[in-house]
Amino acid sequence: MRALITGAAGMYGYNLTRRLLEDDPGASVVAVDDFSRHFPGGEPLTPELEAGRPIEIVRRDYADLTTAELNRWAPDVIVHFAARISVPESMERPHAYFANNEAGTFRFAHAIADMTRPPLLIYASSPEVYGPPVRVPMDEDHPLRPVTVYAVSKAACELHCLALHRWWGHPVVVIRNFNTFGPHQNIVGYPAVTVAFARRALRGEPLPLENGGRQTRDFMFIDDAVDAYARVIARGAALAGSVFNIGTGSETSIHDVARTVLAVTGSDSEVVNTPGRRTDLPALRADATRIREATGWKPATPFEEGMRRTVDWLRAVDA
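Here the structure is a predicted model, which is why all the values come from computation and not from measurement.

**Comments concerning the nonpolar core**
Ranked by internal contacts, the top residues of the largest apolar core, which has 61 residues, are Y12, L16, V79, I122, Y229 and I246. Ignoring sequence-local partners within four residues, the contact set of Y12 consists of F81, N177, T180, M220, I222, A225, V226, Y229 and I246.

**A closer look at the packing of aromatic side chains**
Applying the stated rule across the entire model yields ten aromatic pairs. With a centroid separation of 5.1 Å and 55° between ring planes, the pair formed by F81 and Y229 is classed as tilted. You can see F81 sitting in the loop between strand 4 (77-80) and helix 4 (87-92) and its partner Y229 sitting in helix 8 (residues 222-235), a full 148 residues away along the chain. Assigned by exposure class, F81 and Y229 land together as buried. One aromatic cluster is present, formed by F181, F219, F221 and F303 through successive ring pairs. A cation over an aromatic ring shows up here: R59 above the ring of F35, its NZ or CZ 4.3 Å from the ring centre. Positioned above the aromatic ring of W73 is the side chain of R72, whose terminal nitrogen or guanidinium carbon lies 5.7 Å from the ring centre.

**Description of the pairing of strand 6 (residues 172-177)**
Of all six residues in strand 6, six are buried; the element is thus mostly enclosed. Alternating residues of strand 6 divide into V172, V174 and R176 and V173, I175 and N177, and every residue in both groups is buried. Of the strand pairs in this sheet, strand 5 (residues 120-125) and strand 6 are connected by five bridges, and their pairing is parallel. Directly across from A124, in strand 6, lies its bridge partner I175. Crossover connection from strand 5 via helix 6 (residues 149-168) to parallel strand 6: handedness right-handed. Here strand 6 runs beside strand 11 (residues 243-246); their pairing, made up of four bridges, is parallel. When the sheet's bridge partners are listed, N177 is paired in strand 11 with I246.

**Description of the side chain of T148**
Structurally, T148 can be placed in the loop between strand 5 and helix 6. At 3.1 Å, the side chain of T148 forms a polar contact with the backbone nitrogen of A151. Residues contacting T148, with those up to four places away along its chain left out, are V87, S90 and M91.

**Some thoughts on the environment of M11**
Note that M11 resides in helix 1 (residues 11-23). A sequence separation of 169 residues divides M11 from T180, and the C-alpha atoms of the two residues are 9.2 Å apart. Beyond its immediate sequence surroundings of up to four residues, M11 is in contact with R37, T180, F181, G182, P183, H184, Q185 and I222.

**A closer look at unusual backbone geometry**
Looking along the chain, the bond that leaves V136 and enters P137 is cis, with omega of 5°. Tracing the sequence through the fold places P137 in the loop between strand 5 and helix 6. At A74, a position not held by glycine, the phi torsion is positive, near 50°. Among the secondary structure elements, A74 is positioned in the loop between helix 3 (67-73) and strand 4.

**Quick notes on the packing of helix 7 (residues 193-202) against helix 9 (residues 254-265)**
Orientation of helix 7 relative to helix 9, taken along the N-to-C sense of each, is 40°, at an axis distance of 9 Å. By the criterion of interaxial angle, the relationship of helix 7 to helix 9 is oblique. The interaxial crossing formed by helix 7 with helix 9 has right-handed handedness. Contacts between helix 7 and helix 9 pair V193, T194, F197, A198, A201 and L202 from the former with I254, V257, A258, V261, L262 and T265 from the latter. Looking at the contact of helix 7 with helix 9 residue by residue, the class counts come to ten nonpolar, two polar and no charged.

**So, the pattern of salt bridges**
Two side chains carrying opposite charge are able to pair once their charged atoms lie near each other. All chains considered together, the criterion is met by 23 salt bridges. Residue R285 pairs with E251 through a salt bridge whose shortest N-O separation is 2.8 Å. Within this pair, whereas R285 is found in the loop between strand 13 (271-274) and helix 10 (289-295), its partner E251 is found in the loop between strand 11 and strand 12 (252-253), the two being separated by 34 residues in sequence. Looking at E251, the relative accessible area reads 35%, which means it is partly exposed. The partner of R308 in a salt bridge is E304, with the nearest N and O atoms 3.0 Å apart. Taken as a pair, R308 and E304 lie in helix 11 (residues 303-317) at a separation of four residues, close to a single helical turn. R308 gets classed as partly exposed once you look at its relative accessible area, which sits at 34%.

**Focus on the pairing of strand 3 (residues 55-59)**
In terms of strand pairing, strand 2 (residues 28-33) meets strand 3 through five bridges, oriented parallel. Across the sheet, the residue bridging to V30 is E56, located in strand 3. Viewed along the sheet, the connection from strand 2 through helix 2 (residues 45-50) into strand 3 turns out right-handed.

Criteria and cut-off values
- Throughout, residues of each chain are indexed from 1 in the direction in which the sequence is written.
- Totals for whole chains, interfaces and linings use all residues, but because this is a predicted model, local features are given only for residues with pLDDT of at least 70 and pairs of side-chain atoms are given and counted only at 80 or more.
- Hydrogens are left out, water is left out, and the side-chain values use all remaining heavy atoms of the structure.
- Here, the term nonpolar core denotes a set of buried Ala, Val, Leu, Ile, Met, Phe, Trp, Tyr and Cys residues that are joined through side-chain atoms within 4.5 Å.
- When accessible area is computed with a 1.4 Å probe and restricted to protein chains, residues below 20% of their type maximum are described as buried, those above 50% as exposed, and intermediate ones as partly exposed.
- Here a residue-residue contact requires only that any non-hydrogen atoms of the pair lie within 4.5 Å.
- Stacked, tilted and edge-to-face are the three classes assigned to paired rings of Phe, Tyr and Trp, where Trp is represented by its six-membered ring and a pair needs centres within 6.5 Å; plane angles under 30 degrees give stacked, over 60 edge-to-face, the rest tilted.
- In this description a helix means any DSSP run of H or I spanning at least four residues, a strand means any run of E spanning at least two, and both kinds are numbered starting from the N terminus.
- Comment: the charge-over-ring label is applied if NZ (Lys) or CZ (Arg) is within 6 Å of the ring centre and within 35 degrees of the ring normal.
- One requirement defines pairing of two strands: DSSP has to find at least two bridges between them.
- Whether a crossover is right-handed depends on one test, that the path from the first strand over the helix to the second runs clockwise when the strands point away from the viewer.
- Counting of polar contacts relies on pairs of N or O atoms within 3.5 Å, with two restrictions inside protein: one atom must be capable of donating a hydrogen and the other of accepting it, and residues adjacent in sequence are counted only when both atoms are side-chain atoms.
- In this analysis an axis means a line fitted to C-alpha atoms, helices contributing only their contacting stretch, and an angle means the value between N-to-C directions, from 0 to 180 degrees.
- Oblique is the label for any angle not covered by the other classes, which are roughly parallel (under 35 degrees), roughly antiparallel (over 145) and roughly perpendicular (65 to 115).
- Two helices cross in a left-handed way if the nearer one is turned anticlockwise from the farther one by less than a right angle. They cross in a right-handed way if the turn is clockwise.
- Under the scheme applied, nonpolar residues are Ala, Val, Leu, Ile, Met, Phe, Trp, Tyr, Cys and Pro; charged residues are Asp, Glu, Lys and Arg; polar residues are all the others, including Gly.
- In the sections that follow, a salt bridge refers to a side-chain nitrogen of Lys or Arg positioned within 4 Å of a carboxyl oxygen of Asp or Glu.

Pasting the structure below:
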């Protein structure tokens, strides 16, 4: 099995690369990333390549890949993670988000559509596409009411990819990743709350609770998330046209995230209330029944254990 993964140096891409190679001794990965972000501890893919793992690293913007190149690599599956992913940044740099996420995915999807043998395409999306919840938990039929440029770009990319299936019959699956965290997560710019709190706690800095930390999220550890992707890849074209949520089905408030981080790190950082974004979604919780019934997937890592492993990674790389 040969996989092509975009955003391959990110948290999802790196961990899925390792999972696929560990599961199948005959597997190989074309790892595409422009390496534009900061990587604490160094670029994660280079040591894997130096260790003799069957990885070809392509240092490129995914949107510039051509059909001829894709045909030459002849992947059995393409997993498209590459994206700009910050909600607030998308409102500060909307044109950049449109160009990178939506326009880039449109070009990439149609390069794939013109391949001699189009592979399974898995598009990594977000629960932000749902917008303010009409009901919680959110199933895949929840209305899409995105309120930010990031969320709109993810919803549009879903449709661009699914159009390949609906018009030409190409095998396409969309996976909406609820709030994933773990080792190799981005820690600069606009980091996710889990890793941002962990870094601040390790440094003895205050943990800011926006809107009192009442908002809830469905936090999922990265190992559980990539297990879902591996299961979808194993099922292959049998799942074509599907849209799946992946999440734990549990809500954790941002206030409880802060408490857990303080307990795991042993920090005496102060927790302080700060104003938050007016448009911040009040709750996100996944109904992952559909993927469980299709693949048997079920997350297994408790939130505290995931945070402990994330903190251990930060201690090792974030000097």
